[in-house]
Amino acid sequence: MNSNEKFYLIVGGTSGIGLATTKLLIESGHRVMIIGRSEDKLDNAIKYIDSPNLLVQSFDVCNTSEILPFVEHIVTNNGKLSGLIYAAGYEETLPLGRMKPDSVERIHKTNLFGAIEFTRVCAKKKHYNNGFSVVFLSSVMGQLGEPGKISYCSTKAALQGAAKAMAVELAPKGIRVNTVSPGVVETPMSQKLFEALDENAIARIKSKHPLGLGTPEDIANAIEFLISNKSRWITGSNLVIDGGYSIQ
Ligand SMILES: NC(=O)c1ccc[n+]([C@@H]2O[C@H](COP(=O)([O-])OP(=O)(O)OC[C@H]3O[C@@H](n4cnc5c(N)ncnc54)[C@H](OP(=O)(O)O)[C@@H]3O)[C@@H](O)[C@H]2O)c1
């Protein structure tokens, strides 16, 4: 173990932005535990990253009451955490009239409740090291509106509010909490969105990004900064990374 090595937990680290962040942190010499539901995605991540510093665990963040024993198990077996990145999430496009309470609950459990519960549990003294930093994946949709994105916008706005309140409450413990808000980034999630759209709609989305669509690495670089001590005086902030989408 090198003296600068840190141990990070990435919830939703098996795909897209979370996976790119995992690769970056491991290349920087850190140990990373990634979590996702799909065993196939976990296996693919192991093959792709190919490092003894990568640890994986299958877990569904909707099992809210299991998060405490799950984190206790991780820390007991691997040591205290230096940072938590919450990237688990999904996008749902449904007009208000077709929304069902079950799906509203499920997206809030995945995108929001899991983030709050993982942070609550990780912020217990026995679970974190000095300088512990938390980054939530919000979205430009946390500040903007779009038809059919009621649940998604709601969860992403709430993450920003939760991060600010946590940042103030946890500052006396030296814990920082920030959000990043990407525009459209090319990942399996946005791929799925594009598959449901025609060519004109895709071209319209692309044209709204003056610098083009983002890559997972564009977001991973910012997360690496926010999770590290280089951002030690930044807390409760929301970093918009959207190629100019939301300045127009
Ligand atoms: N891509 C974009 O354009 C974009 C833009 C703005 C914000 N974001 C946000 O950035 C985050 C990452 O997005 P992405 O595009 O990288 O998505 P992605 O490629 O679909 O990856 C999502 C990750 O979350 C995990 N996950 C989903 N539901 C889970 C659950 N119930 N329990 C445990 N893990 C779960 C997935 O693994 P399993 O499926 O195996 O569980 C996967 O590892 C999301 O919060 C998203 O809302 C993305």
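Presented here is a report on the structure given in the accompanying data block. (Residues numbered from 1 in each chain as written. Predicted model: local features only at pLDDT ≥ 70, side-chain atom pairs only at ≥ 80, totals over all residues.)

1. Describing helix H4 (residues 101–122)
- Here H4 is 22 residues long and its end C-alpha atoms lie 29 Å apart, about the 32 Å a rise of 1.5 Å per residue gives.
- Along H4, the helix axis deviates most sharply at Lys 109, where the bend reaches about 45°.
- Among the residues of H4, those classed as buried are Ile 107, Thr 110, Asn 111, Leu 112, Gly 114, Ala 115, Phe 118, Thr 119 and Cys 122.
- On the buried face of H4, the contacting elements are strand E1 (7–11), helix H3 (67–78), strand E4 (81–86), strand E5 (128–137), helix H5 (150–170) and strand E6 (176–182). (Helix = DSSP H or I, 4+ residues; strand = E, 2+ residues; numbered from the N terminus. Expected span 1.5 Å × (residues − 1). Bend = angle between axes of the 7 residues up to and from the residue. Buried ≥ 20, exposed ≤ 12 C-beta atoms within 10 Å, placed from the backbone. Contact = placed C-beta atoms within 7 Å.)

2. Looking at the pairing of E5
- Counted residue by residue, E5 has 7 buried out of 10 residues, so it is predominantly covered.
- With 5 bridges joining them, E4 and E5 adopt parallel strand pairing. Among the inter-strand pairings, Ile 85 is bridged to a residue of E5, identified as Val 135.
- The β-α-β motif built from E4, the intervening H4 and the parallel element E5 has right-handed crossover chirality.
- Here E5 pairs with E6 via 5 bridges, running parallel. Bridge pairing in E6 links Val 135 to Asn 178. (Pairing = 2+ DSSP bridges. Right-handed = clockwise from strand over helix to strand, strands pointing away.)

3. Brief notes about the site of the ligand
- Around the ligand there are 31 residues in total, and Gly 12, Gly 16, Gly 36, Ser 38 and Gly 89 lie nearest to it.
- Listing elements by their share of the shell around the ligand, those giving two or more residues are helix H1 (16–27), strand E2 (31–36) and helix H6 (188–195).
- Taken together, the residues of the shell around the ligand break down into 14 nonpolar, 13 polar and 4 charged. (Near = placed C-beta within 6 Å. Nonpolar A, V, L, I, M, F, W, Y, C, P; charged D, E, K, R; others polar.)

4. Let's talk about the packing of H4 against H5
- At a minimum axis distance of 9 Å, the contact between H4 and H5 shows a crossing angle of 15°. Viewed along their axes, H4 and H5 adopt a mutual orientation that is roughly parallel. Classified by chirality, the crossing of H5 by H4 is right-handed. Of H5, the residues touching H4 (which contributes Val 104, Ile 107, His 108, Asn 111, Leu 112, Ala 115, Ile 116 and Thr 119) are Ser 151, Tyr 152, Thr 155, Ala 158, Leu 159, Ala 162 and Met 166.
- Partitioning the contact of H4 with H5 into residue classes produces 10 nonpolar, 5 polar and no charged. (Axes fitted to C-alpha atoms, helices over the stretch in contact; angles between N-to-C directions. Parallel < 35°, antiparallel > 145°, perpendicular 65-115°, else oblique. Left-handed = near helix turned anticlockwise from the far one by under 90°.)

5. Some details on the pairing of strand E3 (residues 54–58)
- Across 5 bridges, the pairing between E2 and E3 is parallel. Within the sheet, the bridge partner assigned to Val 32 lies in E3 and is Leu 54.
- Crossover E2 to E3 through helix H2 (residues 39–49) is right-handed.

6. Concerning the sheet that holds E5
- If you walk across this open sheet you meet the 7 strands as E3-E2-E1-E4-E5-E6-E7, and the pairing is parallel. Lying at the two open borders of the sheet, with one neighbouring strand each, are E3 and strand E7 (238–241). Strand-to-strand twist of the sheet, defined as the mean angle between neighbouring strand axes without regard to direction, takes the value 20°.
- Contacts between H4 and the sheet are confined to E1, E4, E5 and E6, with E4 contributing the most and set at about 175° to the helix.
- With respect to the sheet, helix H8 (residues 216–227) is in contact with E1, E4, E5, E6 and E7, its orientation differing from that of E6 by roughly 170°.

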